[in-house]
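Below are the chains, spelled out letter by letter.
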Amino acid sequence: MSDLKRVLLLGTGPVAIQLAVNFKKQLNSYVGIAGRDSVRSESFFAAVKQSHYQVRAAVQNEKHERMQGECVIDNVFKGYGSIEGEWDTIIFSITTDAYIEVLKQLSDKLLNQVRCIVLISPTFGSNSLIKNYMSALHSNAEIISFSTYFGDTRWAGGVPANKVITTAVKKKIYLGSTRCPSGNVQRLSQMYEQLDVTVEVMKTPIEAETRNISLYVHPPLFMNEFSLNAVFGDTAVRKYVYKLFPEGPITPSLIRDMLAQWKEMMTILKKLNIESINLLQFMTDDNYPVRPESLSRQDIENFDRLEPIHQEYLLYVRYASLLIDPFSKPDADGKYFDFSAIPIKNIFVNREGDLDIPRMPKEDYYRVKMIQGIANHLDVPCPTMDRFVAIYEDKMTKAAQRHAGERLSKAFTVQRFEEELQMICSEGSELSRQTP
């Protein structure tokens, strides 16, 4: 039995439109979309209304043609408080740091009717957070966590509207549910398989949440002096996330931090009886491959058993090998596609008129604070992640002081996320079942 007949998508970003097309096309679901009533979402709601609720998803690469299509949305709700009707499943296609904020805007009546909640791109502990919130409402809804969103989707015209384009699709996604066996998991897996995305079902939701590469690479790449100077405008020269120093933040010391943070995470996973991750294998086999001339299969598979200096060397080689797309076709001058030219975004004035921090590193701050709180709960020391947080909060606080008198978003305040961490680490959650 599946609860995916009446599906309500929370969020008005490109991901929501891509998923709406998929649920309509693959599962023939009755689909609604709900989002905040804000300046930022105004153009989305206007475009959808003008198109008579028709939305379209295009693809950049022909091999992803199964992702493309168009459909008519059955219901659109401007403001979470305006949601009406009965919904079998609600799908979170919003940033993880907004989960509780949005849940609090949903009526208890709506939540008590819901039989399934799907987290499209959660972070470590998100499932426990939602489960605790729903338990307080005496809800027995199934809660499903994907490891991450299956692709890279953006607005087709560069601004919120009713058309999106998916430029990349992951080969493999992980999934975990609070219920086993689960008809919903089976149906979702079938839908993803039809889209040419392999799904591996994990024993628990939190295990699926550990299979998100962002957990391991974003904090060291963004929460360092170099990247944060670029984010907060301390340098006028454009810098790039995945380039080697001086064009980007990647240095031997950053790689050392990446390795150290991975090992801290593996200590947390061991405490929770979750299978560890071979970082290099996860990077190459599940994310972006490199040519065998750059990294041998033997080095990849034996990575977690090598000496630290050897591990650091292989990680550095991996990033150096992806400065260009090694599988792209060179032009007449022998130039390959500049794969690493992803600029570090600066602070900006959002649509509400507030100075704001880009999603990266704002979401990474939330992500690391969650891990930091979970580690404290489990008595696992994490000095590397503690340093990431300290650097970020110092840079963010100094930036707020420099812009005193301007309208600043709440992202410019040091946050403890005590409510979320208390729910995540509450008695009965997966995080409380640790080894002696």
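Cut-offs and rules
Residues numbered from 1 in each chain as written. Predicted model: local features only at pLDDT ≥ 70, side-chain atom pairs only at ≥ 80, totals over all residues. Heavy atoms only, no water. Helix = DSSP H or I, 4+ residues; strand = E, 2+ residues; numbered from the N terminus. Buried < 20%, exposed > 50% of the residue type's maximum accessible area, 1.4 Å probe, protein only. Polar contact = N/O pair within 3.5 Å; in protein donor to acceptor, adjacent residues only side chain to side chain. Pairing = 2+ DSSP bridges. Expected span 1.5 Å × (residues − 1). Contact = heavy atoms within 4.5 Å. Axes fitted to C-alpha atoms, helices over the stretch in contact; angles between N-to-C directions. Parallel < 35°, antiparallel > 145°, perpendicular 65-115°, else oblique. Nonpolar A, V, L, I, M, F, W, Y, C, P; charged D, E, K, R; others polar. Core = buried A, V, L, I, M, F, W, Y, C linked by side-chain atoms within 4.5 Å. Domains from an automatic or database assignment. Buried area = accessible area lost by both parts, 1.4 Å probe. Salt bridge = Lys/Arg side-chain N within 4 Å of Asp/Glu carboxyl O.

As annotated in an unreviewed UniProt entry, the protein carries the name DUF2338 family protein and comes from Evansella caseinilytica.

## Some words on the side chain of Thr-166
Here Thr-166 lies in strand S10 (residues 163-169). For Thr-166, a relative accessible area of 0% puts it in the buried group. Within the local environment of Thr-166, its side chain forms a polar contact with the side chain of Gln-18, the two groups lying 2.6 Å apart. Engagement of the side chain of Thr-166 in a polar contact is seen with the side chain of Thr-153, the distance being 2.8 Å.

## Comments concerning the pairing of strand S4 (residues 69-72)
Only one face of S4 is buried: it carries Gly-69 and Cys-71, and the other face, with Glu-70 and Val-72, is open. Direction of pairing for strand S3 (residues 54-59) relative to S4: antiparallel, over a ladder of four bridges. Bridge assignment links Gln-54 to a residue of S4, and that residue is Val-72.

## Here's the deal with helix H2 (residues 39-50)
Between the first and last C-alpha of H2 there are 17 Å, a value that for 12 residues agrees with the 16 Å anticipated at 1.5 Å per step. At its buried positions, H2 is contacted by helix H1 (14-27), strand S2 (30-35), S3, strand S5 (75-78) and strand S9 (151-155). Trailing H2 by a residue or two, His-52 shows a phi angle of about 60°, which is positive.

## Looking at the packing of H1 against helix H6 (residues 183-194)
Where H1 meets H6, the closest approach of the two axes is 10 Å, and the angle between their N-to-C directions is 100°. Between H1 and H6, the interaxial angle falls into the category roughly perpendicular. Contact with H1, carried on its side by Asn-22, Phe-23, Gln-26 and Leu-27, involves Arg-187, Leu-188, Met-191 and Gln-194 of H6 and no other residues of that element. When its residues are assigned to classes, the contact of H1 with H6 shows four nonpolar, three polar and one charged.

## Brief notes about the nonpolar core
With 102 residues, the main nonpolar core has Leu-10, Ile-83, Phe-124, Tyr-216 and Ile-268 as its most contacted residues. Among the elements that line this core, the one with the most residues is helix H10 (residues 252-271), at nine residues. Dropping the residues within four chain positions of it, Tyr-216 is found in contact with Thr-210, Met-258, Gln-261, Trp-262, Met-265, Met-266, Leu-269, Ile-277, Leu-279 and Phe-282. By size, the runner-up hydrophobic cluster in this structure holds 40 residues, among which are Ile-17, Val-48, Ile-91 and Phe-150.

## Side note on the environment of Asp-97
Tracing the backbone through its elements, the reader meets Asp-97 in the loop between strand S6 (89-92) and helix H3 (99-103). Linking Asp-97 and Ser-182, residues 85 residues apart in sequence, is a C-alpha distance of 27 Å. Filtering out sequence-adjacent residues up to four positions away, Asp-97 remains in contact with Lys-362 and Tyr-366.

## A look at the domain arrangement of the protein
A common way to state how big an interface is: give the accessible area lost once the parts meet. Taken as a whole, the protein is organised into domain 1 (6-209) and domain 2 (213-432). If you look at the interface, domain 1 gives 28 residues, while domain 2 gives 29 residues. In this assembly, domain 1 packs against domain 2 so that about 2500 Å² is buried in total across both faces, 57% of it on carbon and sulfur atoms. In terms of surface lost to domain 2, no three residues of domain 1 exceed Asp-97, Phe-124 and Leu-129, which account for 24% of the buried area on that side. In this assembly, domain 1 and domain 2 are joined by two salt bridges. Of the charged contacts in the structure, one is a salt bridge between Lys-410 and Glu-101, with a shortest N-O distance of 3.7 Å. Within the residue set of the side of domain 1 that touches domain 2, elements represented by two or more residues are H2, H3, helix H5 (126-135), strand S11 (172-177) and helix H7 (205-209). Its residues placed into classes, the side of domain 1 that touches domain 2 shows 10 nonpolar, nine polar and nine charged.

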